[in-house]
Amino acid sequence: MSVQIQSYSASGFPSDLNTENYGVVLLKGEGAFSVDQINYSYQGCTILFLTPFQKLKLASETDENITILFFHGDYYCIEYHKEEVACNGLLFNNIYLNPSIELTQEHFEYILGIFDRIQHENSENHLFSESIIKTYIQLILAICSKQKSGIPNDPVSGGRLPNKNAAAFQKLLELHFREEKELFFYSKKLNITNNTLSKSVKKEFEKTPSQLINERITLEAKRLLHLTYRSVKEIASELGFNDEFYFSRYFKKSVGCSPKKYREKVGISIVAKMSM
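To start, this report covers the structure provided alongside it. (Residues numbered from 1 in each chain as written. Predicted model: local features only at pLDDT ≥ 70, side-chain atom pairs only at ≥ 80, totals over all residues. Heavy atoms only, no water.)

So, the state of the cysteines
So, point 1. One pass over the structure, following the stated rule, counts zero disulfides.
So, point 2. Cys-77 carries a free sulfur, and the closest cysteine sulfur to it, the one in Cys-87, is 9.5 Å from it.
So, point 3. Owing to a relative accessible area of 8%, Cys-77 belongs among the buried residues under this scheme.
So, point 4. Overall, the relative accessible area of 1% leaves Cys-87 in the buried class. (Disulfide = S-S within 2.5 Å. Buried < 20%, exposed > 50% of the residue type's maximum accessible area, 1.4 Å probe, protein only.)

Some remarks on the packing of aromatic side chains
So, point 1. Per the counting criterion, the structure on display carries 16 aromatic pairs.
So, point 2. Between Tyr-22 and Phe-92 the ring centres are 5.3 Å apart and the planes differ by 80°, which places this aromatic pair in the edge-to-face class. One end of the pair, Tyr-22, is in strand β2 (residues 22–35); the other, Phe-92, is in the loop between β5 (66–71) and β6 (100–103), with 70 residues separating them in the sequence.
So, point 3. Each residue in the set Phe-53, Phe-241, Tyr-246, Phe-247, Tyr-250, Phe-251 and Tyr-262 is aromatic and connected to the rest through ring pairs, giving one cluster.
So, point 4. Residue placement shows Lys-134 over the ring face of Tyr-75; its charged tip is 5.4 Å from the ring centre.
So, point 5. Residue placement shows Lys-181 over the ring face of Phe-241; its charged tip is 4.9 Å from the ring centre. (Phe/Tyr/Trp six-rings, centres within 6.5 Å; stacked < 30°, edge-to-face > 60°. Helix = DSSP H or I, 4+ residues; strand = E, 2+ residues; numbered from the N terminus. Lys NZ or Arg CZ within 6 Å of the ring centre and 35° of its normal.)

Focus on the pairing of β5
So, point 1. In terms of burial, β5 is a largely internal element, six of the six residues being buried.
So, point 2. When strand β1 (residues 3–8) meets β5, the two strands line up antiparallel, connected through six bridges. Its bridge partner being in β5, Gln-6 is matched across the sheet by Ile-68.
So, point 3. The sheet contact formed by β2 and β5 spans five bridges and is antiparallel. Considered in β5, the bridge of Val-25 is made with Ile-68. (Pairing = 2+ DSSP bridges.)

Keep in mind these values describe shape, not function.
Structure, rendered in structure tokens:
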């Protein structure tokens, strides 16, 4: 099914949720979760955004149900709709930001109500259901994009990072991740030690520089697999891997499946098809 709503109790939540779909997760109460082995805490009403093959685990139990909207990229393409809803690189696919947002009780209940409407339309399956469901998805993403883009001290909203070393590392990583994969390159460029850089980056992003380097390479690999028709060999070369098979092992270790399997499951976006 291209879109579905799934509700779980904490005790019934999968030990390792990992699908080919995008996920919009509603959490309530107090607890912790991990996305791709990075831990985050939450309190109150929270919404979390997952891209295909990101691994979600509940790190602590909650008495509240967890409700998830799943949709496939072939059903609703976030890149195709980027002009209407600027969520790609904000809600989804940003390795520097917390993947969740704290919601007001009012917004939480409103989005939960939209989930119910999507569920109803999905069961009705009439002539206009798909258009209505896509509009509901777009509404959820627009509400949350508006809220996240307005968070103070958020790099996306134009705020400045308080840590200069972390900010400089982020800029360098965006420029050089294709060819430079070792921590030493970045610390040398910044004229600081590996340890100083690691502490600065960990404090700012809650991830080590090595984790961010790996995530940035993997994110670009996913983007190229989904948004282009380039072969795995071409993508490996573009990302600085001389050996296609080493790249495939690297990708599988990070994502949990091979580049070929990722492309089969996630599909090639309508954006790639339109650019041919």
